[in-house]
Amino acid sequence: MKSVQLLLAIFFLQNFFFSSSLSIETTQKPQQKTYSVSINKLPNLGNNCYMNAALQCLFQIPEIATFIHTSKNKKQNNFFLYQCKKILDAFEKNDIKRVRKKINKLFNQVDQYFFDGDKQQQDVLEFITQLIDNYQLLQPLFSLSLNTSIVCTQCNELIQSANQTIYDVSLHDLEPTAIDNILCHQCCFCVKAHKTSRFNNHPPYLLIDCQSDFLQLPIAGYQLIGIVLHAGTNKIGHYIAFVKESSTKKWYLCDDMCVFKLGNNIEKKKTYLIPKENQLIPFCPRMLLYAKQH
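Overview of the structure. The structure presented is a predicted model; accordingly, all values stated were derived computationally and were not measured.

## Overview of unusual backbone geometry
At Cys 188, a residue that is not glycine, the phi angle is positive and equals roughly 70°. Topologically, Cys 188 is positioned in the loop between β4 (177-184) and β5 (189-199). Backbone geometry places Asp 256, a non-glycine residue, at a positive phi of 55°. Relative to the helices and strands, Asp 256 is located in the loop between β9 (251-255) and β10 (258-263).

See below:
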C-alpha cells in the first residue's frame, strides 16, 4: 500500500506541477554579473551542523551567491547575507581562524533570531524555510503556489478551492485524499468528497521534504543539485550534505570540516552508510534541492 501511495505521489507531482503557464521570475537582472562559490570546509562549533549543511547547498545557488557577494547592509534584518559575505571573504584569504569566528557569529545570530537562543540542533528544512520567509529577496527563488480543491463525489461540483504559498513540498502534499461528511451546496446535504492538490508555477528551485520517504524524483525540467542527509533522531544527530558545485558540476560530500570530491554523479539510495569514527553510520535523505533547467 505504501509503495502504491508513493507511485501516486510521483504521478501527481509530474502531472500537476506543469498544469499552468504561470511562472515566478527571479529579481536578478539578466545582465547582472553572477558569482560562484567553491566548496569549502565549514567548522562545527557544537550544534551548527544543520546550518553548515544548509549553507553548502545555498552557496551553490548562483542567485544567492550573488546576493551574498553584493550585500552591504549590516542591519539586523540583513544579518544572514552580510555574515555569509564575511565568511566567504575569510575563505578567499584562507583565514581559517576568521572563518571559525564568523561561522560562530552567524550561528549565534541564526539561533537567536529563528530559534530563541536555545543552542540546540534544529531541523535543516525548518531553518531554510524560515530564512526564506524572512528574506523577501529569496522568496521568488523558491515560492510555490499550491492549489487545493475539494470536489463532491455525488455531483462532481467544486465545493472549495484555495491557493497558498509554500517554500517546500513533500510527497504527501500531492496525495489525493477522501473527505467524509462535508456540506455540498449543490446537493444540499453532507457528502463524501475528494481533495486534490496541484502547483500553479515553476519556481527556479525546489525544496523537497523527504523526511518520511525518499525517492529520486524524476521531475521534468529540473535537475538535482543537493541532498541534505541526517543520522539520529529529531533531537540529537548529525547533518551532512551531497552538493553539486555550480562552477565545476562535480559532486562533493560535505561533512563540516571534511569535504570529499565524488565526481560527476552520486548513487541514488534511501540510506547511505557514511564512515564516522571508525564505523559506518546510516544517513537518510532529509531534503532534496532541485534547480530548474534552462
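## Quick look at a positive patch on the surface
A cluster of basic side chains, namely Lys 93, Arg 98, Lys 101 and Lys 105, defines a positive patch on the protein surface. Along the chain, Lys 105 turns up in helix α5 (residues 96-115).

## Some thoughts on the pairing of strand β1 (residues 144-152)
In terms of burial, β1 is a largely internal element, 7 of the 9 residues being buried. Where β1 meets strand β2 (residues 158-166), 8 bridges bridge the pair, whose relative direction is antiparallel. Counted as the bridge partner of Asn 147 is Asn 163 from β2. Linking β1 back to β2 in an antiparallel pair, the connection comprises 5 residues, with Asn 156 at a positive phi of about 65°. Of the strand pairs in this sheet, β1 and β5 are connected by 7 bridges, and their pairing is antiparallel.

## As for helix α3 (residues 62-69)
Of all the 8 residues making up α3, 7 are buried; the element is thus mostly covered by neighbouring parts of the structure. When α3 is considered as a whole, its buried residues turn out to be Glu 63, Ile 64, Ala 65, Thr 66, Phe 67, Ile 68 and His 69.

## Section: the nonpolar core
One finds Phe 80, Phe 127 and Phe 142 to be the most contacted residues of the largest nonpolar core, which totals 55 residues. In this structure, Leu 229, Ile 240, Phe 242 and Leu 288 belong to the second largest nonpolar core, which totals 25 residues.

## Observations concerning the packing of aromatic side chains
The geometry of an aromatic ring pair is captured by two quantities: the separation of the ring centres and the angle between the planes. Tallying each qualifying case throughout the model produces 12 aromatic pairs. Here the aromatic rings of Phe 80 and Phe 127 are separated by 6.4 Å at their centres, their planes lie at 65°, and the arrangement is edge-to-face. Taken together, the residues Phe 80 in helix α4 (residues 79-92) and Phe 127 in helix α6 (residues 124-134) connect sequence positions 47 residues apart. For the pair Phe 80 and Phe 127, one class covers both residues: buried. Measuring from centroid to centroid gives 6.0 Å for Phe 142 and Tyr 205, while their planes differ by 40°, and the two rings are tilted. Placement of Phe 142 in helix α7 (residues 139-142) and of Tyr 205 in strand β6 (residues 205-209) is noted, with a sequence separation of 63 residues between them. As far as burial versus exposure is concerned, Phe 142 and Tyr 205 are alike and both buried. In textbook terms, an aromatic cluster arises when at least three aromatic residues are bridged by ring pairs, as seen for Tyr 50, Phe 79, Phe 80, Phe 107, Tyr 113, Phe 114, Phe 115, Phe 127 and Tyr 135.

## Quick look at the pairing of strand β8 (residues 237-244)
With 7 of 8 residues buried, β8 lies mostly within the body of the structure. With 7 bridges joining them, strand β7 (residues 222-232) and β8 adopt antiparallel strand pairing. Note that in β8 the partner of Gly 232 across the bridge is Gly 237. Turn length for the β7-β8 hairpin, with the two strands adjacent in sequence and antiparallel, is 4 residues. With 4 bridges connecting them, β8 and β9 associate as antiparallel partners. From the neighbouring strand, Val 243 faces β9, where its bridge partner is Tyr 252. Taking the residues between adjacent antiparallel strands as the criterion, β8 and β9 are bridged by 6 residues, where Lys 249 takes a positive phi near 65°.

## What about the packing of helix α2 (residues 49-58) against α5?
Contact geometry of α2 with α5 gives a least axis separation of 11 Å together with a crossing angle of 105°. Between α2 and α5, the angle falls in the class roughly perpendicular. Contacts between α2 and α5 pair Tyr 50, Met 51, Asn 52 and Leu 55 from the former with Ile 103, Leu 106, Phe 107, Val 110 and Phe 115 from the latter. Residues belonging to the contact of α2 with α5 are distributed by class as follows: 8 nonpolar, 1 polar and no charged.

## Observations regarding the side chain of Asp 256
For the buried Asp 256, no salt bridge is present, and the opposite-charge side chain at shortest range is Lys 276, 5.8 Å distant. If we ignore the near neighbours within four places in the chain, the residues touching Asp 256 are Lys 41, Leu 42, Asn 44, Cys 49, Asn 52 and His 238.

Cut-offs and rules
- Residues numbered from 1 in each chain as written.
- Predicted model: local features only at pLDDT ≥ 70, side-chain atom pairs only at ≥ 80, totals over all residues.
- Heavy atoms only, no water.
- Helix = DSSP H or I, 4+ residues; strand = E, 2+ residues; numbered from the N terminus.
- Patch = residues over 30% accessible without salt bridge, like charges linked within 9 Å, V, L, I, M, F, W, Y side chains within 5 Å.
- Areas by Shrake-Rupley, 256 points an atom, 1.4 Å probe, with all protein chains shown as cover.
- Salt bridge = Lys/Arg side-chain N within 4 Å of Asp/Glu carboxyl O.
- Lys, Arg positive; Asp, Glu negative; His and termini not counted.
- Charge placed at Lys NZ, Arg CZ, Asp CG, Glu CD.
- Buried < 20%, exposed > 50% of the residue type's maximum accessible area, 1.4 Å probe, protein only.
- Pairing = 2+ DSSP bridges.
- Core = buried A, V, L, I, M, F, W, Y, C linked by side-chain atoms within 4.5 Å.
- Phe/Tyr/Trp six-rings, centres within 6.5 Å; stacked < 30°, edge-to-face > 60°.
- Axes fitted to C-alpha atoms, helices over the stretch in contact; angles between N-to-C directions.
- Parallel < 35°, antiparallel > 145°, perpendicular 65-115°, else oblique.
- Contact = heavy atoms within 4.5 Å.
- Nonpolar A, V, L, I, M, F, W, Y, C, P; charged D, E, K, R; others polar.

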